Amino acid sequence: MKIGVLALQGAFREHISALQRLKAEAPLIRLPQDLEGLDGLIIPGGESTSIGQLMESYRVMEPIRGLAGGGFPVMGTCAGLILLGKKARGLSFDPLGVMDIEVRRNAFGRQVDSFESSLPIPVLGETPFPGVFIRAPMIEAVGEGVEVLARLPQGPVVAARQGRLLVSAFHPELTRDLRFHAYFLNTMIAS
Ligand code: GLN
């Protein structure tokens, strides 16, 4: 399996190592031609504004929009989630707009810039998932075709899927727990 990791800015190396631990090939993606021959793509966390600007400069915004909008498996974490949604409050340009979610950037305010929360994610089994949140967004509204996978105890949606698109507001790549990546590979790519 060959899962590209968008490597323009942010936490891409950690995704590569998670994918390699799951025995997937994980090439770095920077240019349109890098997208050829992939089985899936990960858009990592980082700064959604920088990643978005770099996607335009490297001319991968449109190709990725086309792929993700056409049923190609894409996982987005944190900034990647912001970029996949159809609307992102606090973002100065239009995100990819392929997933029917409305997102608020930096939704948790300054005092709780970063935090960890043990998250029940039923599709990953009984053991809660270690949710690492870093200046995280939240999903404020989901459309009909979107399945909510996780919420914080206070209620905000922090993981969801729609077809072969999978997003998390937290950073599974910064933990040793591979279940979120494995879910992407097993349910959206291998099947
Ligand atoms: N705060 C970042 C943004 O708005 C996202 C943070 C992250 O990806 N860890 O793009």
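Since the structure is predicted, the reported quantities are computational estimates derived from the model, not experimental observations.

### Quick word on the overall build of the protein chain
Phase 1: For the protein chain, the count of helices and strands is five helices and 12 strands.
Phase 2: When its C-alpha atoms are laid out on the principal axes, the protein chain stretches across 45 × 35 × 30 Å.
Phase 3: Residues counted as buried form 51% of the 191 residues belonging to the protein chain.
Phase 4: The long-range share in the protein chain, meaning contacts at least 24 apart out of those at least 6 apart in sequence, stands at 63%.
Phase 5: Working note: accessible area of the protein chain is about 8,500 Å², and carbon and sulfur atoms make up 48% of it.
Phase 6: Side chains of the protein chain give 19 positive and 19 negative charges; the mean places of these two sets differ by 3 Å.

### Considerations on the site of the ligand
Phase 1: With respect to spatial proximity, the complete set of residues near the ligand consists of G45, G46, E47, S48, C78, A79, I82, R105, N106, I134, R135 and H171.
Phase 2: G46 has a polar backbone atom sitting 2.8 Å from an oxygen atom of the ligand.
Phase 3: At 2.6 Å from a nitrogen atom of the ligand is found a side-chain nitrogen or oxygen belonging to N106.
Phase 4: The residue inventory of the shell around the ligand, partitioned by class, reads four nonpolar, five polar and three charged.

### Quick notes on the side chain of T175
Phase 1: Along the chain, the position of T175 falls in the loop between strand 12 (165–168) and helix 5 (179–189).
Phase 2: T175 gets classed as buried once you look at its relative accessible area, which sits at 12%.
Phase 3: A distance of 3.2 Å separates a polar atom in the side chain of T175 from the backbone nitrogen of D177.
Phase 4: For T175, the contacting residues outside a window of four places in its chain are R21, F129, P130 and V132.

Here is what the cut-offs are and how they apply
Residues numbered from 1 in each chain as written. Predicted model: local features only at pLDDT ≥ 70, side-chain atom pairs only at ≥ 80, totals over all residues. Heavy atoms only, no water. Helix = DSSP H or I, 4+ residues; strand = E, 2+ residues; numbered from the N terminus. Buried < 20%, exposed > 50% of the residue type's maximum accessible area, 1.4 Å probe, protein only. Contact = heavy atoms within 4.5 Å. Areas by Shrake-Rupley, 256 points an atom, 1.4 Å probe, with all protein chains shown as cover. Lys, Arg positive; Asp, Glu negative; His and termini not counted. Charge placed at Lys NZ, Arg CZ, Asp CG, Glu CD. Near = heavy atom within 4 Å. Polar contact = N/O pair within 3.5 Å; in protein donor to acceptor, adjacent residues only side chain to side chain. Nonpolar A, V, L, I, M, F, W, Y, C, P; charged D, E, K, R; others polar.

Keep in mind these values describe shape, not function.
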